[in-house]
Amino acid sequence: MRLRNVTGSREMIADNDFVIHEPAEMKGKWSEFFGNDNPLRVEIGMGKGRFIMTLAEQNPDVNYIGIEKYSTVLLRALQKMEVNPLPNVRFIRMDAEEICDVFAEGEVDRIYLNFSDPWPKDRHAKRRLPSQAFLARYDVILKKDGVVEFKTDNRDLFDFAEEELQGTKWKEDAVTYDLHNNEEMVRGNVMTEYEEKFSSMGNPICKYIISR
Ligand code: SAM
């Protein structure tokens, strides 16, 4: 049953115009693809896509790419796009480990990480999206004044993310351990699916914005 579902979602994605099927061919050519010079912002691990699609609707002068590893999850975002197609957002099904194959040096303006998987075992630390291994990739594709924004309710993961900044050129421009009660940082906050779920359970949301 599970396998059939996965096969079905892969096929549906293969036919979908909102998905970039050969993303490596777009490297350095995203402005050309969107037909404008608007900033390019990327959400890694976008899940069902509410966050990126809300931002895209609010900011028609910004281009957005949502990256998601699993086709079954990405399919949910595609179903929303069918109802409300947005010209400034596209999706890629890939593992973000390959992100440098898809975006050229300095091509990206901002990266969003929302409620990233914690990978609690030490031997999987490099898979965590705010790890130094990933920060090194973000360093390549982000423009000079580009930023990474990270939100999570997982305090262990957030502590790890902050520790990973030590000894690097990344610095925190802003940080909170209770986003929804931080008047300044919560302004304009767009809730993700996970954020709604975990904040409704009373979990405080941590957020940092980093640059280098
Ligand atoms: N960002 C969404 C939210 O806040 O509601 C979804 C959060 S969910 C916990 C994490 C998502 O990131 C999952 O859909 C997972 O498949 C995706 N993901 C995790 N690691 C990834 C990677 N290396 N590349 C692409 N997607 C990844």
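Refer to the preceding data block for the structure.
The structure presented is a predicted model; accordingly, all values stated were derived computationally and were not measured.

Draft legend 1. A look at the site of the ligand. The full set close to the ligand counts 18 residues, and G45, E68, A96, T192 and Y194 are the nearest of them. One of the backbone N or O atoms of A96 is found 2.9 Å from a nitrogen atom in the ligand. Within the complex, the protein chains bury 94% of what would otherwise be the 590 Å² of accessible surface of the ligand. Along the lines of polarity and charge, the residues of the shell around the ligand split into 8 nonpolar, 4 polar and 6 charged.

Draft legend 2. Region of the structure containing the sheet that holds strand β5 (residues 142–152). The strand order across the open sheet formed by 7 strands is β3-β2-β1-β4-β5-β7-β6, and the pairing between neighbours is mixed. The two strands at the open ends of the sheet, each matched to only one other strand, are β3 (89–93) and β6 (171–176). Strand-to-strand, the axes of this sheet are offset by a mean angle of 15 degrees, without reference to chain direction. Across 5 bridges, the pairing between β5 and strand β7 (residues 206–211) is antiparallel. Bridge assignment links V148 to a residue of β7, and that residue is I210. Taken strand by strand, helix α3 (residues 50–58) contacts β1 (40–44), β2 (63–68), β3, β4 (108–114) and β5, and its axis lies near 175 degrees from that of β2. Across the sheet, helix α4 (residues 71–83) touches β2 and β3, and the angle it forms with β3 is around 165 degrees.

Draft legend 3. Quick look at the side chain of R90. Tracing the backbone shows R90 in strand β3. Buried charge R90 goes without a salt bridge, the closest partner of opposite sign being D17 at 7.8 Å. In terms of polar contacts, R90 uses its side chain to reach the backbone carbonyl oxygen of L86, at 3.4 Å. Not counting residues up to four positions away in its chain, the partners in contact with R90 are D17, F18, I20, F33, F34, Y64, I65, G66 and M81.

Draft legend 4. Region of interest: the nonpolar core. W30, I44, I65, F103, I111 and Y138 are the most contacted members of the largest nonpolar core, which totals 36 residues. Among the secondary structure elements, those contributing two or more residues to this core are α2 (30–34), β1, β2, β4, α5 (132–141), β5, α6 (155–164) and β7. Counting residues in each nonpolar core, the second largest holds 21 residues, with F18, M46, Y64 and Y112 among its members.

Draft legend 5. α6, seen in detail. For α6, the full list of buried residues reads L157, F158, F160, A161, E162 and E164. The N-capping residue of α6, defined by a side-chain oxygen 3.1 Å from the backbone nitrogen of D156, is N154.

Draft legend 6. Structural context of the packing of aromatic side chains. All told, the structure shown has 11 aromatic pairs when counted by the stated rule. An angle of 80 degrees between the planes, with centres 5.9 Å apart, marks the rings of W30 and F33 as edge-to-face. Taken as a pair, W30 and F33 lie in helix α2 at a separation of 3 residues, close to a single helical turn. Classification of W30 by relative accessible area gives buried; the value is 1%. Residue F33 is classed as partly exposed on the basis of its relative accessible area of 34%. Ring geometry for F150 against F158: centres 5.8 Å apart, planes inclined by 20 degrees, an arrangement best described as stacked.

Draft legend 7. Layout of a negative patch on the surface. On the surface, E11, D15, D17 and E82 cluster together to form a negatively charged patch. Its relative accessible area of 69% is what places D17 among the exposed residues.

Calculation notes
Numbers given for residues are sequential positions, taken from 1 along each chain in its written order. Where totals are concerned, whole chains, interfaces and linings use all residues; where local detail is concerned, this predicted model gives features only for residues with pLDDT of at least 70, and gives and counts side-chain atom pairs only at 80 or more. The side-chain quantities take in all heavy atoms of the structure and omit both hydrogens and water. Whether a residue is near a molecule or strand depends on its heavy atoms: it is near if one of them lies within 4 Å of it. Counted as a polar contact is a pair of N or O atoms within 3.5 Å, where, for protein atoms, one must be capable of donating a hydrogen and the other of accepting one, and residues adjacent in sequence contribute only when both atoms are in side chains. With residues, only the protein chains shown are counted as cover, and all accessible areas are computed by Shrake-Rupley using a 1.4 Å probe. Polarity classes work like this: nonpolar for Ala, Val, Leu, Ile, Met, Phe, Trp, Tyr, Cys and Pro, charged for Asp, Glu, Lys and Arg, and polar for all others, with Gly in that last group. Strands were regarded as paired on the criterion that DSSP finds at least two bridges between them. Secondary structure elements follow DSSP: runs of H or I of four or more residues count as helices, runs of E of two or more count as strands, with numbering from the N terminus. Working convention: axes come from line fits to C-alpha atoms, limited for helices to the stretch in contact. Angles between N-to-C directions cover 0 to 180 degrees. Residues count as neighbours in contact if any of their non-hydrogen atoms are within 4.5 Å of one another. Under the scheme applied here, a residue whose accessible area is under 20% of the maximum for its type counts as buried, over 50% as exposed, and between as partly exposed, the area being computed with a 1.4 Å probe on protein chains only. Charge counting follows a simple rule: Lys and Arg are positive, Asp and Glu are negative, and His as well as the terminal groups are ignored. Any Lys or Arg side-chain nitrogen located within 4 Å of an Asp or Glu carboxyl oxygen qualifies as a salt bridge. Only buried Ala, Val, Leu, Ile, Met, Phe, Trp, Tyr and Cys residues count toward a nonpolar core, and they belong to the same one when joined by side-chain atoms within 4.5 Å. Between the rings of Phe, Tyr and Trp (Trp by its six-membered ring), a pair exists once the centres lie within 6.5 Å; its type follows the angle of the planes, with under 30 degrees stacked, over 60 edge-to-face, and the other angles tilted. Here a patch means residues that are over 30% exposed by relative accessible area and free of salt bridges, tied together within 9 Å if like-charged and within 5 Å if nonpolar (Val, Leu, Ile, Met, Phe, Trp, Tyr). For charged residues, the charge sits on one atom: NZ in Lys, CZ in Arg, CG in Asp, CD in Glu.

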